[in-house]
Amino acid sequence: MEKVARFEKISLDRYINDAGAEAAESYDGIKLPRRATAHSAGYDFFAPTDVFLPAGGSAVVKTGVRAFMKEGWALLIYPRSGLGFKLGIRLANTVGVIDGDYCFSDNEGHIMIKLVNGGDSSVTLSAGTAVAQGIFTPYGITEDDCATAARNGGFGSTD
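Residues numbered from 1 in each chain as written. Predicted model: local features only at pLDDT ≥ 70, side-chain atom pairs only at ≥ 80, totals over all residues. Heavy atoms only, no water.

Peer 1: Please explain the side chain of Ser26 as it appears in this structure.
Peer 2: Summarising the element assignment, Ser26 is placed in the loop between α1 (12–19) and β2 (43–46). Of the residues examined, Ser26 reaches a relative accessible area of 10% and is grouped as buried. Not counting residues within four places of it along the chain, the set of residues in contact with Ser26 comprises Tyr15, Pro48 and Thr49. (Helix = DSSP H or I, 4+ residues; strand = E, 2+ residues; numbered from the N terminus. Buried < 20%, exposed > 50% of the residue type's maximum accessible area, 1.4 Å probe, protein only. Contact = heavy atoms within 4.5 Å.)

Peer 1: Would you take a moment to explain α1 for this structure?
Peer 2: Three or four residues apart is the spacing at which side chains of an α-helix point the same way, because the helix has 3.6 residues per turn. Within α1, burial applies to Arg14, Tyr15, Asp18 and Ala19. Summarising the axial view, the buried residues of α1 lie within an arc of 105 degrees, below the 170-degree limit, and thus occupy one face. With respect to the buried face of α1, the exposed residues turned more than 90 degrees away are Asp13 and Asn17. Those residues of α1 that are buried lie in contact with β4 (58–62) and β9 (112–117). Positive backbone phi, approximately 95 degrees, marks Gly20, located one or two places after α1. (Arc of directions from axis to C-beta.)

Peer 1: Just to check I follow, could you spell out the pairing of β4 for this structure?
Peer 2: In the case of a regular strand, side chains alternate between the two sheet surfaces. Going residue by residue along β4, you find Ala59 and Val61 tucked away on one face and Ser58, Val60 and Lys62 left uncovered on the opposite face. Bridge analysis of β4 against β9 gives 5 bridges, and the strand direction is antiparallel. Within the sheet, the bridge partner assigned to Ala59 lies in β9 and is Leu115. (Pairing = 2+ DSSP bridges.)

Peer 1: Hey, could you run me through the pattern of salt bridges in this one?
Peer 2: Side chains that carry opposite charge are capable of pairing whenever their charged atoms lie near each other. Following the criterion strictly, the structure yields 5 salt bridges and no others. For Arg6, the salt bridge goes to Glu8, with nearest N and O atoms at 2.9 Å. Connected through shared salt-bridge partners, Arg6, Glu8 and Arg66 make up one network. (Salt bridge = Lys/Arg side-chain N within 4 Å of Asp/Glu carboxyl O.)

Peer 1: Quick question: what am I supposed to make of unusual backbone geometry here?
Peer 2: Within the chain, Thr94 stands out as a residue other than glycine whose phi angle is a positive 60 degrees. As for its placement among the helices and strands, Thr94 is situated in the loop between β7 (89–91) and β8 (96–98). Taking relative accessible area as the criterion, Thr94 reaches 57% and is therefore assigned exposed. At Glu108, a position not held by glycine, the phi torsion is positive, near 65 degrees. If you trace the backbone, Glu108 turns up in the loop between β8 and β9.

Peer 1: Looking at this structure, how should I read the nonpolar core?
Peer 2: One broad trend across soluble globular proteins is that nonpolar side chains are buried collectively. Ranked by size, the top nonpolar core spans 33 residues in total, and within it Phe45, Leu75, Ile77, Ile111, Ile113, Leu115 and Leu125 carry the most contacts. Setting aside chain neighbours within four positions, we find Ile111 in contact with Phe45, Val61, Lys62, Thr63, Gly64, Val65, Arg66, Ala67, Leu75, Ile98 and Tyr102. (Core = buried A, V, L, I, M, F, W, Y, C linked by side-chain atoms within 4.5 Å.)

Peer 1: Would you explain the sheet that holds β2 in this entry?
Peer 2: Strand pairing in a sheet relies on backbone hydrogen bonds. The paired strands run either parallel or antiparallel. Pairing is antiparallel in the open sheet, where 4 strands are placed in the order β2-β11-β6-β8. Two strands bound the open sheet, and with one partner strand each, they are β2 and β8. Taken pair by pair, the neighbouring strands of this sheet meet at an average axis angle of 30 degrees, ignoring direction. Where β2 lies against strand β11 (residues 130–138), 4 bridges are found, and the strand directions are antiparallel. When the bridges of β11 are listed, Tyr43 appears paired with Gly134. (Axes fitted to C-alpha atoms, helices over the stretch in contact; angles between N-to-C directions.)

Peer 1: For this particular structure, what's the right way to read the sheet that holds β9?
Peer 2: One open sheet accounts for 3 strands, arranged β4-β9-β7; its pairing is antiparallel. The sheet is open, and its two borders are formed by β4 and β7, each paired with just one other strand. Strand after strand, the sheet turns through a mean of 30 degrees between neighbouring axes, direction not considered.

In structure tokens form, the structure reads like this:
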């Protein structure tokens, strides 16, 4: 397998800015994404703090993680099938797309995952729970592509 990326924690200052001062105590416990088995395609992303999802509600998991990728690769974030199947939890944007240049944004490329509870009961996911999975994928561009803009931000920052 070709090695195309690496995960790193964002800085403590960035994490506090995004997650709040009370989250600082969870910074050392941030787990970098990892595969569960040798043949897993997806890297599990973990909640660094407890996540409360009211029935019909949502919450943003501030993972504390960013990804550096080789040119021509993207990271796609998918729901964990067990959470969806057993609890009705899904991603708000169905599939998240982490572009290769996102890691250089002002927010350090902090990957945040918005979960939606489509179930009838509130759910609390404990810190350390795998909440989504990321799969690296190559992509192509058109022959007449002329994009030259630089990214600065996430969640709709390029439109």
